[in-house]
Amino acid sequence: MDSLFLSRLQFAVTTAFHMLWPLLSIGLSFMMVILEILWLKTKNEVYYRHERFWLKIFLLTFGIGVASGLVLEFEFGTNWAGFSQVVGGFFGNILGFEGSMAFALEAAFLALFIFGWGKISNRAHLVSTIMVAFGASLSAWWIMDANSWMQTPTGVKIVNGSIVSINYLQAILNPFATISFWHMWIACIETTIFFVAGISAYYILKNQNTEFFLKIFKISVIIAIFATPLQVYLGDLSGKAVGDYQPATLAAMESHWNTNPAGTGATWHLIAIPDRTKEMNSFVINMPIPGLMSFLDTGSFTAQVKGLKDFPPEDRGPIILPFYSFRLMVLIGFIMVFMMLWALWYWVKGYLKYENASKRKWFWKIWYWGFPLGFIATELGWITREVGRQPWIIYGIMRTSEGVSNLTTFQVMVTLTAFIATYVLLFALFVVFVRKIIKTGPDLKSPIPKLKEAKENA
């Protein structure tokens, strides 16, 4: 356990923790835009009361997300000084764009969004809600863009450890940027709708405000009809992009050692135990469809897929972690598609009506237990992406070992321990407050703010 390993572990812990909150804050802000539009359009107070109920959880996720995100940005200087010294002139700008452009926008409209009910016009309040959601999504764009550049570095020329030229357009629009952003953004939406649907299922199981939460459950199902299959499609595109630009990563994700002969196609492994010493899988269970891996990775059943043996041993990253993280992520993705189809079928059959809802206990239990699926799938996808990139911190240009700071093992261990303790405390507080919000339930009695038109404020 040297300082390199501990620094990687620390960044992994802080990233895994931080990621939980933007998933919800981006998704909930999008959900609240929909609810406010529905409220203004229909004048049905249930949409307003739902927006105010989910706003409480949004504010919790926003606050923890900001605090944990700042830690990540500081770690580039504290733990990855070698990386920052080489590319800080470009990479720091990208992170600066996120702070000055996205976070500042979100923060500027947040006060209007929280305190503007009944004080500004309905249109002005809707604009503030939209801008909060847009700022959160724009923040995700810049963060994903920075990470995508590390995966497919373009537009930056590095000579003798220094940047000598930058083409910002090429760097920002690197090959992974767009697909990575949309894959993550839909993950935020998908995670949130399953979280919202899971909490709704809890209330329905308890026969508390059943009709109220059936409304948001149905809205979640409608969004899931589009989000779940779209995420499967985006995941497929992302996998093919990995094959195009990071063939060694793809080989590790598939535990694929030998390049398949032309015209035969590569077999997809359902389960594998790789043996790095013998450069083979000591145990494997294959899918019985010939050429399935070639098809999944390239779109052709007979395409060649490079094996790990085509790359020097020092350029091969971990195998077991990305292999199983990828498969579990895909499995959860299809489970979420199945749950969406199940809910849609129940809706068509009339089982989601108020008078029938309480009779389908197992349906609601499955949805309740499924509330963390999006979080788990996204974390697994991030593990696949980041561990699969190893041993590179900038793919093909700088190794992770070259980017680490000159710290002692003890120094990193102290900060790692402190972060873990802090994050455990923050997560516990989040759970406590969310449980309190859920136990208290939605406010169904307070006065509805008067919908003011812009001319009233003139």
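Think of each chain on its own: its residues are numbered from 1, step by step along the sequence as written. Only residues with pLDDT of 70 or above have their local features reported here, since the model is predicted, and side-chain atom pairs are shown and tallied only from 80 upward, although totals for entire chains, interfaces and linings are computed over all residues. For side-chain calculations, the full set of non-hydrogen atoms in the structure is used, while hydrogens and water are omitted.

**A look at the overall build of the protein chain**
Thought 1: In this text, helices come from DSSP runs of H or I with a minimum length of four residues, and strands from runs of E with a minimum of two, each type numbered from the N-terminal end. When you go through the protein chain residue by residue, the secondary structure sums to 15 helices and 6 strands.
Thought 2: For the radius of gyration, the atom set is restricted to C-alpha positions; the globular benchmark scales as 2.2 Å times the number of residues to the power 0.38. Relative to the globule expectation of 23 Å for 458 residues, the C-alpha radius of gyration of the protein chain, 24 Å, shows essentially globular dimensions.
Thought 3: Relative accessibility thresholds used throughout: buried, under 20% of the residue-type maximum; exposed, over 50%; partly exposed, between the two (1.4 Å probe, protein chains only). Expressed as a percentage of its 458 residues, the buried residues of the protein chain come to 50%.
Thought 4: If you sum the accessible surface of the protein chain, you get close to 21200 Å²; carbon and sulfur atoms cover 67% of it.
Thought 5: In this count, Lys and Arg are taken as positive residues and Asp and Glu as negative ones, while His and the chain termini are left out. Charged groups are reduced to one reference atom each: NZ for lysine, CZ for arginine, CG for aspartic acid, CD for glutamic acid. Taking the 35 positively charged and 27 negatively charged side chains of the protein chain as two groups, their mean positions are separated by 12 Å. Using a 1.4 Å probe, accessible areas were evaluated by the Shrake-Rupley method; residue-level cover was limited to the displayed protein chains.

**Some remarks on a nonpolar patch on the surface**
Thought 1: To count toward a patch, a residue needs a relative accessible area above 30% and no salt bridge. Like charges then connect within 9 Å, nonpolar side chains (Val, Leu, Ile, Met, Phe, Trp, Tyr) within 5 Å. Basic side-chain nitrogens of Lys or Arg form a salt bridge, by our definition, when they fall within 4 Å of a carboxyl oxygen of Asp or Glu. A surface patch of nonpolar side chains, about 390 Å² in accessible area, is lined by L270, I271, I273, F283 and I285.
Thought 2: It is strand β3 (residues 269-275) that provides the largest number of residues to the nonpolar patch, a total of 3 residues.
Thought 3: When you line up the elements, L270 lands in strand β3.
Thought 4: On the basis of relative accessible area, L270 is assigned to the partly exposed category, the value being 39%.

**Description of the environment of P391**
Thought 1: Along the chain, the position of P391 falls in the loop between α13 (373-389) and β5 (392-394).
Thought 2: The spatial distance from the C-alpha of P391 to the C-alpha of E314 is 7.9 Å, given a sequence separation of 77 residues.
Thought 3: Here a residue-residue contact requires only that any non-hydrogen atoms of the pair lie within 4.5 Å. The contacts of P391, once residues within four sequence positions are left out, are E314, D315, R316, G317, R399 and T400.

**Points about the side chain of S7**
Thought 1: Mapped onto the fold, S7 is located in helix α1 (residues 3-42).
Thought 2: For S7, a relative accessible area of 1% gives the class buried.
Thought 3: Setting aside anything within four residues of it in sequence, one finds S7 in contact with N79, W80, V404 and V412.

**A word on empty space enclosed by the protein**
Thought 1: Grid spacing is 1 Å over the protein atoms alone, the probe is 1.4 Å, and a cavity is where that probe fits but cannot get out, while a pocket is an open set with protein on both sides within 12 Å along at least five of seven lines and lining residues have an atom within 4 Å of a point. Grid points are joined across faces, edges and corners, and a volume is the space filled by probe spheres set on the points. Following the criterion strictly, the structure yields 2 cavities of 30 Å³ or more and no others.
Thought 2: Considering only enclosed or pocket space, the second largest cavity measures out at about 40 Å³ in volume.
Thought 3: If you trace the second largest cavity, you find it lined by A248, T249, A252, D315, G317, G388, R389, Q390, P391, W392 and Y395.
Thought 4: Counting residues per element, the ones that place at least two in the lining of the second largest cavity are α8 (247-254) and α13.
Thought 5: Grouping the constituent residues of the lining of the second largest cavity by class yields 5 nonpolar, 4 polar and 2 charged. Put simply, Ala, Val, Leu, Ile, Met, Phe, Trp, Tyr, Cys and Pro go in the nonpolar bin, Asp, Glu, Lys and Arg in the charged bin, and everything else, Gly too, in the polar bin.

**Quick word on the layout of surface pockets**
Thought 1: Taken as a whole, the second largest pocket spans an internal volume of roughly 980 Å³.
Thought 2: Around the second largest pocket, the lining is made up of 42 residues, and of these H183, G235, D236, F326 and M329 lie nearest the centre.
Thought 3: Of all elements in the fold, only α4 (122-151), α6 (177-205), α7 (210-245), α8, α9 (292-298), α10 (320-349) and α13 reach the threshold of two or more residues within the lining of the second largest pocket.
Thought 4: At 10 residues, α7 tops the list of elements feeding residues into the lining of the second largest pocket.
Thought 5: Partitioned by chemical class, the residues of the lining of the second largest pocket number 19 nonpolar, 16 polar and 7 charged.

**Focus: α7**
Thought 1: Multiplying 1.5 Å by the residue count of a helix minus one yields the expected span of that helix. Counted at 1.5 Å a residue, the expected span for α7 with its 36 residues is 52 Å, and the 49 Å between its end C-alpha atoms agrees.
Thought 2: Its axis deflected by about 40 degrees at A224, α7 carries its strongest bend there. To get the bend at a given residue, fit one axis to the seven residues ending there, fit another to the seven starting there, and take the angle between those axes.

**A few points about the pattern of salt bridges**
Thought 1: If you walk through the whole model with that rule in mind, you get 7 salt bridges.
Thought 2: Here K240 makes a salt bridge to D236, at a shortest N to O gap of 2.8 Å. Taken together, the positions of K240 and D236, both in helix α7 and 4 residues apart, correspond to about one turn of that helix.
Thought 3: The partner of R399 in a salt bridge is D315, and the shortest N-O contact between them spans 2.6 Å. Of this pair, R399 sits in strand β6 (residues 398-399) while D315 is found in the loop between α9 and α10, placing the two residues 84 residues apart along the sequence.
Thought 4: Under the relative-accessibility criterion, R399 is labelled partly exposed at 22%.

**Quick look at the nonpolar core**
Thought 1: Ranked by internal contacts, the top residues of the largest apolar core, which has 119 residues, are W54 and F83.
Thought 2: Element by element, the count of residues in this core is highest for α6, at 18 residues.
Thought 3: Those residues in contact with W54 that lie beyond four places of it in its chain are L28, M32, L35, F195, V196, I199, S200, F213 and I216.
Thought 4: Of all hydrophobic cores here, the second largest spans 5 residues; its members include A251, A252, W257 and I319. Throughout, nonpolar core names a set of buried Ala, Val, Leu, Ile, Met, Phe, Trp, Tyr and Cys residues whose side chains join them through atoms within 4.5 Å.

**Re the packing of α6 against helix α15 (residues 409-440)**
Thought 1: Angular values range over 0 to 180 degrees, each being the angle between N-to-C directions of two axes fitted as lines to C-alpha atoms, with helices fitted over their stretch in contact. Across the interface, α6 lies against α15 with an axial gap of 11 Å and an inter-helix angle of 45 degrees. Here α6 lies oblique to α15, going by the angle between them. Considering the relative orientation of α6 and α15, their crossing is right-handed. Residues I199, Y202 and Y203 of α6 form the contact with α15, whose own contacting residues are I437, I438 and K439.
Thought 2: Classifying every residue of the contact of α6 with α15 gives 5 nonpolar, no polar and 1 charged. For this classification, under 35 degrees means roughly parallel, over 145 means roughly antiparallel, 65 to 115 means roughly perpendicular, and everything else is oblique. Should the near helix be turned anticlockwise from the far one by less than a right angle, the crossing is termed left-handed; should it be turned clockwise, right-handed.

**A short note on the environment of L105**
Thought 1: Note on placement: L105 falls in helix α3 (residues 81-115).
Thought 2: Note on L105: relative accessible area 18%, which makes it buried.
Thought 3: Each residue touching L105, except ones within four places of it in the same chain, is listed here: M131, F134 and G135.

**Structural notes on the side chain of T384**
Thought 1: Take T384: it is sitting in helix α13.
Thought 2: For T384, a relative accessible area of 5% translates into the label buried.
Thought 3: Counted as a polar contact is a pair of N or O atoms within 3.5 Å, where, for protein atoms, one must be capable of donating a hydrogen and the other of accepting one, and residues adjacent in sequence contribute only when both atoms are in side chains. A distance of 2.9 Å separates a polar atom in the side chain of T384 from the backbone oxygen of L380.
Thought 4: Aside from chain neighbours lying at most four places away, what touches T384 is M253, P322, S325 and F326.

Don't take any of this as a statement about function, it's just geometry.
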